[in-house]
Amino acid sequence: MSTTAPATTRTGLEISGVSLVHGDGESTVTALDDVSLTVSPGEFVAIVGPSGSGKSSLLAVAGGLAKPDSGTIRVGGHDLGGMSGRRLTELRRTQIGFVFQSGNLIPALTAVDQLRLPMTLGRVENPRDPMELLEEVGMAHRARHRPDKLSGGERQRVGIARALVTRPALLLVDEPTAALDRSRSHDVVSLLARETHGHDVATVMVTHDQDVLEHCDKVYRMTDGTLEVESN
Amino acid sequence: MFLAWRELSFARGRFVLMGSVVALIGLLMVLLSGLSVGLVNDGVSGLQKLPVSSFAFQDGVDKTSAFSRSVVGVETAETWAEQDGVEDATPFGNSLVNTRTDKDVDIDMALFGVEEGSWLSPEATDGADLSGPGQIVVAGTLKDEGVAVGDTVEIDQIGTKFEVVGFLDGQHTYGHVDVGYVDLRTWQEIRAGVRPGEPVPDHVYDDATAVAVKYDADADVDLAAGDKAAETTSMTLKESYGASPGYTAETSTLQMIQVFLYAISALVVGAFFTVVTIQRRHEIAVLRAMGASTRYLLRDSLTQSAILLIGSSAVGVAIGLILGALISSSPMPFALEAAPVAVATVLLVVLGMVGAAAAVFRITRVDPLTALGGNR
């Protein structure tokens with residue numbers, strides 16, 4: 001299958017009319033209520049909102065980890081609806097980058113091996129050079145260190161580099177500053193902004209942290225499963 | 001292999017610990033295998049080396065103690081020799097006696113009575129073959145006990161004397177004692193308790209323990225028909241091992257221990273990989289979110305278990321072989337053979353892999369969604 005769309009038609013994330021209900025019977029929770037969101041390549045979008053408002057559910061459906069009850073999701077021009085589990089896995093591997101809370105690096109791997117790992121999971125077209133990318137996120141000097149020898153901010157930088165090494169169309173970022181102090185938070189989010197703009201990635205960041213929103217192009221607020229624009 | 005190797009070396013303390021357990025099980029396997037082969041040899045090597053295809057015992061004899069209970073008429077051998085496909089048949093005597101040499105060496109001996117010069121009469125590799133009454137050919141291992149050609153062996157109580165004329169090649173034992181071959185007529189006298197010089201009633205020469213039957217391995221011999229004609233109960237040579245004293249009890253005990261060891265090793269390896277997999281749960285969720293397929297994750301984990309199992313059983317078996325070589329030179333019944341050791345090693349690895357596979361299968365149930373933080 002071809003997962004790489006031609007550069008001219010490269011698109012980011014298009015979500016339209018997506019709803020997701022958790023639970024069954026009487027105790028249902030509407031996590032996403034008719035949510036629509038478009039993120040273009042090179043655009044850095046933040047989603048804020050209280051806990052349980054559905055922010056992470058939005059990441060889950062955008063990343064193909066959860067199936068919405070209705071609506072359509074397109075990543076890099078590929079419609080996720082009706083995709084088999086295997087094709088979704090393949091899409092996640094080639095088109096989507098995840099940045100998790102506190103990096104979620106593999107404990108056994110050095111920083112540079114964290115970046116090599118995605119290429120061992122399957123074929124990747126035109127990946128970025130792991131050492132160059134580490135250099136770009138300012139981590140080249142720590143390339144041979146394992147996560148337990150890295151600080152929280154350093155782990156997050158490696159985590160960002162790992163998500164970008166396959167040149168994904170979409171970068172999904174979950175609370176990247178949850179474990180960081182203020183100045184490191186700014187460093188990490190400005191790095192995300194730089195990478196988003198510099199490599200034409202559509203980036204969606206879910207966060208609690210109001211302080212870092214200045215780096216974002218657009219901020220949405222999520223309230224009880226509905227999404228609205230907060231600032232442009 | 002990328003991840004499997006790095007995780008092995010990262011968590012090497014844990015894997016070395018587990019590897020030592022597998023290595024110890026492997027070591028124990030080799031020693032048990034050597035012990036069971038050794039015990040089998042000690043119990044029935046004298047039978048194993050006979051050129052016999054089957055034995056015809058007294059009709060309806062207890063099969064677990066046929067050699068000590070059975071009595072057949074010597075003329076039965078003629079009936080058996082006439083059966084289709086049978087090459088030859090000859091009477092065979094077998095009894096356990098206590099003896100003492102003229103150099104005061106006490107020897108418990110399995111006395112095999114054969115017609116001298118018959119196909120059942122053994123070939124001595126040292127000294128001379130059996131050629132008449134008053135001679136005995138004994139197991140080669142008795143040389144280590146100080147027995148030499150020309151020594152006199154006397155049967156306790158009865159007082160019959162034999163001159164050692166020859167030695168057989170290596171170990172010949174039956175029921176854990178050394179074998180000595182004597183001529184059938186003298187064997188019959190000893191069996192009847194006739195002392196030297198006493199008059200021998202004629203009927204003493206009528207009986208033997210069994211009829212030894214020889215036929216080509218490919219020959220289609222109908223043992224049931226032969227039994228019917230000769231009024232006997234036949235056992236193939238292999239089946240007759242079970243009629244050797246203690247043989248069935250010893251081998252089944254050791255087999256049971258081995259079966260339990262295999263089960264334990266599968267369980268231990270399975271339990272280890274269950275714990276490892278549970279500890280890796282979050283990491284596996286991250287890998288799945290990153291786009292690792294189930295096949296990749298299974299292959300990664302099973303590669304790890306294969307490396308662990310093959311590496312550590314090789315170490316354990318190697319140590320076992322070295323220790324075994326040392327034990328072999330001691331009087332303990334211990335013998336290493338390639339086939340049982342190879343089978344034990346392969347079984348250890350295969351059953352360990354089964355245990356690991358059962359544990360690692362949990363990977364398929366890890367939800368990649370759990371990689372995202374708790375606040376959904």
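Numbers given to residues run from 1 along each chain, matching the order in which its sequence is written. Each chain is given a letter, starting from A, and each ligand a number, starting from 1, according to the order in which they appear as written. Local features in a predicted model are, by the rule used here, given only for residues with pLDDT of at least 70; side-chain atom pairs are given and counted only at 80 or more, and totals for whole chains, interfaces and linings are based on all residues. In computing side-chain properties, one takes all heavy atoms of the structure into account and sets aside hydrogens as well as water.

As annotated in an unreviewed UniProt entry, chain B carries the name ABC transporter substrate-binding protein and comes from Nocardioides luteus. If you open the UniProt record of chain B and go to Subcellular location (unreviewed entry), you find "Cell membrane". UniProt positions are given in the numbering used here, feature names are shortened, and annotations may be inferred rather than shown by experiment.

Labelled according to an unreviewed UniProt entry, chain A appears under the name ABC transporter ATP-binding protein, originating from Nocardioides luteus.

(A) Broad picture of the overall build of chain A. Strands are runs of DSSP state E lasting at least two residues, helices are runs of H or I lasting at least four, and both sets are numbered from the N terminus onward. From N to C terminus, chain A includes six helices and ten strands. What you see for chain A is a C-alpha radius of gyration of 17 Å, in line with the 17 Å of a compact globule of 232 residues. Its C-alpha atoms put chain A at 50 × 45 × 35 Å along the principal axes. Contacts: residue pairs with any heavy atoms within 4.5 Å of one another. Intrachain contacts of chain A at a sequence separation of at least 6 include 72% that bridge at least 24 residues. When the accessible surface of chain A is split by element, carbon and sulfur atoms take 45% of a total near 9500 Å². Here the globule rule reads 2.2 Å times residues to the power 0.38, and the radius of gyration is calculated from C-alpha atoms. Here the accessible surface of atoms and residues is derived via Shrake-Rupley with a 1.4 Å probe, and residues count as covered only by protein chains that are part of the display.

(B) Highlighting the interface of chain A and chain B. Counting residues at the interface gives 30 residues for chain A and 25 residues for chain B. In the sections that follow, a salt bridge refers to a side-chain nitrogen of Lys or Arg positioned within 4 Å of a carboxyl oxygen of Asp or Glu. In this assembly, chain A and chain B are joined by one salt bridge. Across the pair Arg 6 of chain B and Asp 113 of chain A runs a salt bridge whose closest N-O atoms are separated by 2.7 Å. For the purposes of these results, a polar contact is taken to be a pair of N or O atoms within 3.5 Å, where, inside protein, one atom must be able to donate a hydrogen and its partner to accept one; residues adjacent in sequence count only when each atom of the pair is a side-chain atom. There are six residue pairs in polar contact (both at pLDDT 80 or more) connecting chain A and chain B. Those elements giving two or more residues to the side of chain A that touches chain B turn out to be α1 (55-62), α2 (85-95) and α3 (111-120) of chain A.

(C) Structural detail: the domain arrangement of chain B. Residue and element names in this part refer to chain B. Considered domain by domain, chain B is made up of domain 1 (2-44 + 248-371) and domain 2 (60-230). The gap between the C-alpha centroids of domain 1 and domain 2 is 47 Å. The interface of domain 1 with domain 2 comprises six residues on the first partner and five residues on the second. Overall, the association of domain 1 and domain 2 removes approximately 480 Å² of surface from exposure, summing both partners, and the carbon and sulfur fraction of that is 33%. Counting the contacts that link domain 1 with domain 2 gives zero salt bridges. At the junction of domain 1 and domain 2, the tally comes to six residue pairs in polar contact (both at pLDDT 80 or more). Of the residues forming the side of domain 1 that touches domain 2, the biggest block, five residues, is contributed by helix α2 (residues 12-48). Residue composition of the side of domain 1 that touches domain 2, by class: two nonpolar, two polar and two charged. Note that domain bounds follow an automatic or database assignment of domains. As a working definition, buried area equals the accessible area (1.4 Å probe) given up by two parts on being put together, with both sides summed. Residue polarity follows a fixed list, in which Ala, Val, Leu, Ile, Met, Phe, Trp, Tyr, Cys and Pro are nonpolar, Asp, Glu, Lys and Arg are charged, and the others, Gly among them, are polar.

(D) Quick peek at the confidence of the model for chain A. Residues and elements named next belong to chain A. Averaged over all residues, the pLDDT of chain A is 90; the fraction at 70 or higher stands at 95%. Residue-level confidence of the predictor is what pLDDT reports, using numbers from 0 through 100. Within chain A, the lowest mean pLDDT, 88, falls on strand β10 (residues 226-231), and the highest, 96, falls on strand β8 (residues 202-206). Within the model, pLDDT remains below 50 along residues 1-8, and this stretch shows twelve contacts once partners closer than five positions in the same chain are excluded.

(E) Local environment of a negative patch on the surface. There is a patch of like negative charges on the surface, built from Glu 75, Glu 78, Glu 82, Asp 202, Asp 206 and Asp 207 of chain B. Within the fold, Asp 206 of chain B resides in the loop between α5 (184-192) and β11 (207-208). Like-charged residues are merged into a patch within 9 Å and nonpolar side chains (Val, Leu, Ile, Met, Phe, Trp, Tyr) within 5 Å, provided each residue has over 30% relative accessible area and no salt bridge. When charges are tallied, Lys and Arg are placed among the positive residues and Asp and Glu among the negative ones, while His and the ends of the chain are skipped. Charge coordinates come from a single atom per side chain, which is NZ of Lys, CZ of Arg, CG of Asp or CD of Glu.

(F) Geometry of the layout of surface pockets. Only protein atoms enter the 1 Å grid, on which a cavity is a set of points fitting a 1.4 Å probe that cannot get out and a pocket is an open set with protein on both sides within 12 Å along at least 5 of 7 lines, lining residues being those with an atom within 4 Å of a point. Grid points are joined across faces, edges and corners, and a volume is the space filled by probe spheres set on the points. Of the voids in this model, the largest pocket is the one considered here, and its volume is about 540 Å³. Lining of the largest pocket is provided by 22 residues; of these, Arg 86, Thr 89 and Glu 90 of chain A together with Ser 293 and Thr 294 of chain B occupy positions nearest its centre. Broken down by secondary-structure element, the contributors of at least two residues to the lining of the largest pocket are α2 of chain A together with α10 (294-328) of chain B. At eight residues, α2 of chain A tops the list of elements feeding residues into the lining of the largest pocket. When the residues that make up the lining of the largest pocket are grouped by side-chain class, the tally is six nonpolar, eight polar and eight charged.

(G) A look at the sheet that holds strand β6 (residues 96-99) of chain A. All names here are of chain A. Pairing within the open sheet is mixed, and its six strands lie in the order β6-β7-β8-β3-β9-β10. In this open sheet, the two edge strands, each paired with only one partner strand, are β6 and β10. Strand-to-strand, the axes of this sheet are offset by a mean angle of 20°, without reference to chain direction. Alignment of strand β3 (residues 44-48) against strand β9 (residues 218-223), held across four bridges, turns out to be parallel. Along β9, the bridge assignment pairs Ala 46 with Val 219. Contacts between α1 and the sheet are confined to β3, β6, β7 (170-174), β8, β9 and β10, with β7 contributing the most and set at about 150° to the helix. The criterion for strand pairing is that DSSP finds at least two bridges linking the strands in question. For every element, the axis is a line fit to its C-alpha atoms; helices are fit only across the contacting stretch, and the angle between N-to-C directions ranges from 0 to 180 degrees.

(H) Summary view of empty space enclosed by the protein. Overall, the coordinates contain two cavities of 30 Å³ or more when judged by the stated rule. If you go around the largest cavity, the residues you meet are Arg 92, Arg 93, Ile 96, Gly 97, Phe 98, Pro 118, Arg 162, Ala 163 and Thr 166 of chain A together with Ala 289 and Met 290 of chain B. Breaking the lining of the largest cavity down by element, the ones donating at least two residues are α2, β6 and α5 (152-164) of chain A. No other element matches β6 of chain A, which puts three residues into the lining of the largest cavity. Here the residues of the lining of the largest cavity sort into six nonpolar, two polar and three charged. Its volume calculated, the second largest cavity comes out at about 40 Å³. Lining the second largest cavity are Phe 273, Val 276, Thr 277, Arg 280, Ile 284, Ser 301, Gln 304, Val 360 and Ile 363 of chain B. With three residues, helix α8 (residues 247-279) of chain B is the largest single contributor of residues to the lining of the second largest cavity. Looking at the lining of the second largest cavity residue by residue, the class counts come to five nonpolar, three polar and one charged.

(I) Summary view of a nonpolar patch on the surface. Together, Val 315, Ile 319, Ile 322, Leu 323 and Leu 326 of chain B make up an exposed nonpolar region whose accessible area comes to about 460 Å². Turning to its location among the elements, Val 315 of chain B is positioned in helix α10.

(J) How the structure looks around the confidence of the model for chain B. Summing up the model confidence of chain B, the mean pLDDT is 91 and the portion of residues at 70 or higher is 99%. Interface predicted TM-score (ipTM) for the complex: 0.89; the corresponding pTM is 0.78.

(K) View of the packing of helix α1 (residues 2-10) of chain B against α10 of chain B. Residues and elements named next belong to chain B. Contact geometry of α1 with α10 gives a least axis separation of 8 Å together with a crossing angle of 45°. As far as their axial angle goes, α10 and α1 are oblique. As α1 packs across α10, the resulting crossing turns out to be right-handed. Between α1 and α10, the contacting residues are Leu 3, Ala 4, Trp 5, Glu 7 and Leu 8 on the first element and Tyr 296, Asp 300, Thr 303, Gln 304 and Ile 307 on the second. Working rule for angles: under 35 degrees goes down as roughly parallel, over 145 as roughly antiparallel, 65 to 115 as roughly perpendicular, anything else as oblique. In this scheme the handedness of a crossing depends on how the near helix is turned from the far one: anticlockwise by less than a right angle means left-handed, clockwise means right-handed.

(L) Quick peek at the environment of Leu 348 of chain B. Residue and element names in this part refer to chain B. Mapping Leu 348 onto the fold places it in helix α11 (residues 338-360). Residue Leu 348 is classed as buried on the basis of its relative accessible area of 1%. Here Leu 348 is in contact with Val 22, Ile 25, Gly 26, Met 29, Tyr 262, Ser 265, Leu 309 and Ser 313, once residues within four sequence places are set aside. Three labels apply to residues, based on accessible area from a 1.4 Å probe with only protein chains included: buried if under 20% of the type maximum, exposed if over 50%, partly exposed otherwise in between.

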